[in-house]
Amino acid sequence: MKRSRSRELRRIRKRLLERRAAILDVNRAARKEFNSLSTQDRGPEYEENAQVALADYTLYKLLDTQMQELKMIDAAQTQIEEGTFGRCIECDREISIERLRALPYALLCQEDARRRESEQLASGASLPSL
Ligand SMILES: [Zn+2]
């Protein structure tokens, strides 16, 4: 049982690293495009409205989503280095493999994630909890 968990964790860690590399690749390309879009022959009045331009916005959202995911992967990386990967940062219990498979960078066990989520809902925050 123990042994299969650590094998699963290794597999999940590998997926995290692959996912990270993939994001960085796409991110680099998207960022390049974003930069060229934002610097192309645009007057100051356009720059002011850049946020509402749909193409920019879509790209910006994409970069933003990727950065969020990257941050979560990095947090998981830190956990891996500290040897706490796969454990809930709140209660220190093991996070189920099923949960880690679905969400490799989960920092919280199901229970704590659910609890935080309802707390955040109550406080009006919109960030999903991992
Ligand atoms: Zn927990």
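Residues numbered from 1 in each chain as written. Predicted model: local features only at pLDDT ≥ 70, side-chain atom pairs only at ≥ 80, totals over all residues.

Undergrad: Sorry, what's going on with the overall build of the protein here?
TA: A count of helices and strands for the protein gives 5 helices and 0 strands. Reading the protein from its N end, one meets helices and strands in the order α-α-α-α-α. Of all 130 residues assigned to the protein, the portion counted as buried reaches 11%. Long-range pairs, those at least 24 residues apart, make up 50% of the contacts in the protein with a sequence separation of at least 6. (Helix = DSSP H or I, 4+ residues; strand = E, 2+ residues; numbered from the N terminus. Buried ≥ 20, exposed ≤ 12 C-beta atoms within 10 Å, placed from the backbone. Contact = placed C-beta atoms within 7 Å.)

Undergrad: Looking at this structure, how should I read helix α3 (residues 54-82)?
TA: Note on helix geometry: an α-helix contains 3.6 residues per turn, so any two residues three or four positions apart are oriented the same way. Relative to the 42 Å expected for 29 residues at 1.5 Å per residue, α3 spans 42 Å between its end C-alpha atoms, a close match to the ideal helical length. Positive backbone phi, approximately 75°, marks Gly83, located one or two places after α3. (Expected span 1.5 Å × (residues − 1).)

Undergrad: Help me out: how do you make sense of the environment of Glu94 in this one?
TA: Examined against the element boundaries, Glu94 turns out to sit in the loop between α3 and α4 (97-102). Expressed as a C-alpha distance, the spacing of Glu94 and Cys109, which sit 15 residues apart in the sequence, is 7.2 Å. Setting aside residues up to four positions removed in sequence, Glu94 forms contacts with Gly86 and Arg87.

Undergrad: Help me understand helix α5 (residues 110-123), please; the structure alone is not making it clear to me.
TA: Compared with an ideal rise of 1.5 Å per residue, which puts 14 residues at 20 Å, α5 spans 20 Å between its outermost C-alpha atoms and is within 8% of the ideal. With respect to burial, α5 is a largely exposed element, only 1 of its 14 residues being buried. Phi turns positive, to about 85°, at Gly124, one or two residues after α5.

Undergrad: I'm lost on the confidence of the model for the protein in this one. Help?
TA: Fine structural detail should not be taken from predicted coordinates in areas where pLDDT scores are low. Taken as a whole, the protein shows an average pLDDT of 84; of its residues, 81% reach a score of 70 or greater. α4 holds the highest mean pLDDT among the elements of the protein, 94, whereas helix α2 (residues 44-49) holds the lowest, 57. (pLDDT = per-residue confidence, 0-100.)

Undergrad: Any chance you could explain the environment of Glu90 here in plain terms?
TA: Within the fold, Glu90 resides in the loop between α3 and α4. Residue classification places Glu90 among the partly exposed positions, given that 14 C-beta atoms sit within 10 Å. Measuring from C-alpha to C-alpha, the distance between Glu90 and Cys109 comes to 8.1 Å, with 19 residues separating the pair along the chain. Leave out the neighbours within four places in its chain, and Glu90 touches Leu108 and Asp112.

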